[in-house]
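Spelled out from the first residue to the last, the chains are:
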Amino acid sequence: MMRFSIGTDDFKKIRTTVTPDGQHPFYVDKSLFIEDLLNDTSEVIVLPRPKRFGKTLNLSMLKYFFDITENNTDLFIGLKIAEHKNIMDEWQGKFPVVFISFKSLKCESFEKLEKALKVTLSNCYREHKYLLTSEKLDELDREKIRPYFSKNFEESDFTYILKDLTEMLQKHHGKETVVLIDEYDTPLQEAYLRGFYETAITPLRNMLGEVLKGNNYLFKGVVTGITRIARESLFSGVNNLNVYDITSNQFAQYFGFTEQEIKSICDPAHLDDLKSWYNGYTFGDDLIIYNPWSVLNFLSRKYKFAPYWINTSSNDLIREMLTADKLENTKSLIEGHSIDIEIEPFTVMDNLKGNNTAFWNLLFMSGFLTLDADKRMCIPNKEIHYFFEKVVMEWFGRVGNQKIIQDFLRSLLMGQVDSIQYYLQLMITDSFGIRDMNIPARESFYHGFLLGLMLGLRERYEIKSNHESGKGYYDIALFPNDPIKDVGIVIEVKFKKSVEAALQQIEKQDYAAALKSRGCKNILAYGFAFDGKDVEVRLS
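Computed from a prediction, not measured in an experiment: that's the story for all the values here.

### A closer look at the layout of surface pockets
Here the idea is plain: a probe the size of a water molecule rolls over the atoms and shows the empty space left. Reported here for the largest pocket is a volume of approximately 1100 Å³. The wall of the largest pocket is formed by 44 residues, among which K51, R52, F53, K55 and E183 lie closest to the centre. Elements supplying a minimum of two residues to the lining of the largest pocket: α3 (55-66), α8 (186-194), α13 (292-300) and α14 (316-321). Here the residues of the lining of the largest pocket sort into 19 nonpolar, 14 polar and 11 charged. Each pocket or cavity is described by its volume, and for the second largest pocket that value is around 340 Å³. Lining the second largest pocket are 14 residues, with K63, F99, N123, C124 and E127 positioned closest to its centre. Of all elements in the fold, only β2 (97-101) and α5 (110-126) reach the threshold of two or more residues within the lining of the second largest pocket. Per-element tally for the lining of the second largest pocket: the top contributor is β2, with five residues. Partitioning the lining of the second largest pocket into residue classes produces six nonpolar, five polar and three charged.

Here's what the structure looks like:
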């Protein structure tokens with residue numbers, strides 16, 4: 001019986017732990033990552049991957065492979081890399097390693113981030129406390145780095161602190177340093193949410209730039225995270241850097257489980273269900289990848305399906321950036337369709353809320369979307385579908401309680417204009433902030449807001465948006481599953497224009513034609529006119 005070590009991301013612990021019945025915890029061999037890394041000519045590589053896809057474990061493996069301070073050869077016995085004797089002889093245990101993780105740097109203010117970063121950097125230095133007594137360092141060198149071991153240093157020291165460590169390690173060991181940086185973007189995501197992104201990025205940019213750019217003491221740098229922060233924002237001037245994200249073929253097989261790996265560990269009777277729940281990701285051109293966190297939880301809990309992965313963090317950034325103008329695409333995704341979004345080379349963090357393309361790229365890079373055969377974004381599996389439905393309902397929970405939403409929908413179906421306007425005004429007044437009002441393309445914002453509300457009727461209606469009917473394209477139409485029992489509804493949305501203009505457009509363009517062709521005898525045509533937090537509703 002397989003033993004699973006859920007959440008353990010220390011390679012040595014996994015390889016040396018023995019259970020009472022004499023078994024080692026389950027491990028999928030990703031050791032050829034080492035060979036590909038050595039064959040890559042880049043001095044620094046950045047590997048953005050979704051959370052819980054094995055980033056930290058792989059960096060831990062690199063640490064134990066290269067680390068010159070201890071003999072870790074036994075950890076690799078039986079793994080594929082051990083079959084490459086030349087690599088083991090020439091590279092294993094031959095370099096000092098700096099391994100630092102920013103995973104815990106989720107701070108609510110810049111001052112707290114500075115303090116937390118001090119602790120993280122000091123702990124990193126303490127991994128190399130032998131430097132304080134090294135005879136290969138002169139007294140000036142030892143005095144220079146001594147404050148870093150006890151957090152008695154200034155914030156201005158952040159810039160050179162990691163580069164200084166690589167220099168001292170090179171002096172002591174006579175070899176360049178392997179630098180491993182895990183979850184580099186975690187503090188920046190939190191800073192963006194808390195409103196101090198521009199302040200936070202400066203010390204991180206300076207520190208990473210110094211240790212990774214033109215550093216004569218650096219052998220190889222490997223940086224992992226979730227997002228691809230624009231090079232000019234964080235890695236300015238680092239010209240020896242390559243980014244291999246989930247669209248790249250390089251290193252694609254080392255993060256997540258491949259189809260072949262899944263077949264070797266899962267009962268064939270559960271493969272189809274496993275695929276529908278946790279598969280669906282395409283890395284590189286066509287490599288099929290399974291979510292490793294969910295798969296391991298599924299197997300360890302005796303084939304119980306549940307949304308394991310999406311519950312491993314708060315996903316606050318995605319929830320915060322979901323605005324009404326994005327609900328139309330969200331609806332399409334929930335209904336099983338794909339959306340046509342350009343893949344951006346980098347994430348520009350300072351405009352996620354107003355830039356729809358940046359938002360969808362964030363979801364794509366974070367593992368909430370993948371690409372279909374036509375390179376359009378889509379939901380990969382049932383687990384993520386559950387997340388989308390949940391987050392949309394949470395969004396409307398912030399907009400108004402479910403009773404108000406239900407009262408609004410009931411009034412909409414009954415043609416009660418005064419009640420529709422009352423409930424809608426109540427939701428907008430109580431829930432929309434000034435930042436929402438300032439989002440570009442405001443008509444699409446209100447359009448998306450209304451469309452999201454309509455999702456509450458999807459059991460009785462087919463909800464369509466921006467489809468052709470008559471002589472043009474309506475904004476929203478509700479096609480009843482039972483056109484004899486329920487009314488058909490067509491809606492035109494206007495921003496800073498009269499509600500009469502909306503109704504005239506419906507009539508002139510004959511937007512009700514598609515509803516009539518579907519057998520609707522009773523049709524309600526609504527005009528909605530928005531201006532900031534004010535709304536007017538009319539019925540034709």
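### Describing the nonpolar core
Among the nonpolar cores identified, the biggest contains 99 residues, and F235, W360 and F388 are the most heavily contacted of them. Considering each element in turn, this core owes the most residues, eight residues, to helix α9 (residues 197-212). Core analysis: the second largest hydrophobic core is formed by 35 residues, I428, L453, I463 and V535 among them.

Thresholds applied
- Throughout, residues of each chain are indexed from 1 in the direction in which the sequence is written.
- In keeping with the predicted nature of the model, local features appear solely for residues at pLDDT of at least 70, side-chain atom pairs appear and are counted solely at 80 or more, and the whole-chain, interface and lining totals rest on all residues.
- By convention in this description, side-chain values take in all heavy atoms of the structure and omit both hydrogens and water.
- Space inside and on the surface of the protein is sampled on a 1 Å grid over the protein atoms alone, with a cavity defined as a set of points where a 1.4 Å probe fits but cannot get out and a pocket as an open set with protein on both sides within 12 Å along at least 5 of 7 lines; lining residues have an atom within 4 Å of a point.
- Grid points are joined across faces, edges and corners, and a volume is the space filled by probe spheres set on the points.
- We count a stretch as a helix when DSSP gives it H or I for four or more residues in a row; a strand needs E for two or more, and each element gets its number in order from the N terminus.
- All residues other than Ala, Val, Leu, Ile, Met, Phe, Trp, Tyr, Cys, Pro, Asp, Glu, Lys and Arg, Gly among them, are scored as polar; the first ten of these are nonpolar and the last four charged.
- Nonpolar core, defined: a set of buried Ala, Val, Leu, Ile, Met, Phe, Trp, Tyr and Cys residues in which side-chain atoms within 4.5 Å join the residues together.
- For the exposure calls, accessible area comes from a 1.4 Å probe over protein chains only, and a residue counts as buried if that area is under 20% of its type's maximum, exposed if over 50%, partly exposed in between.

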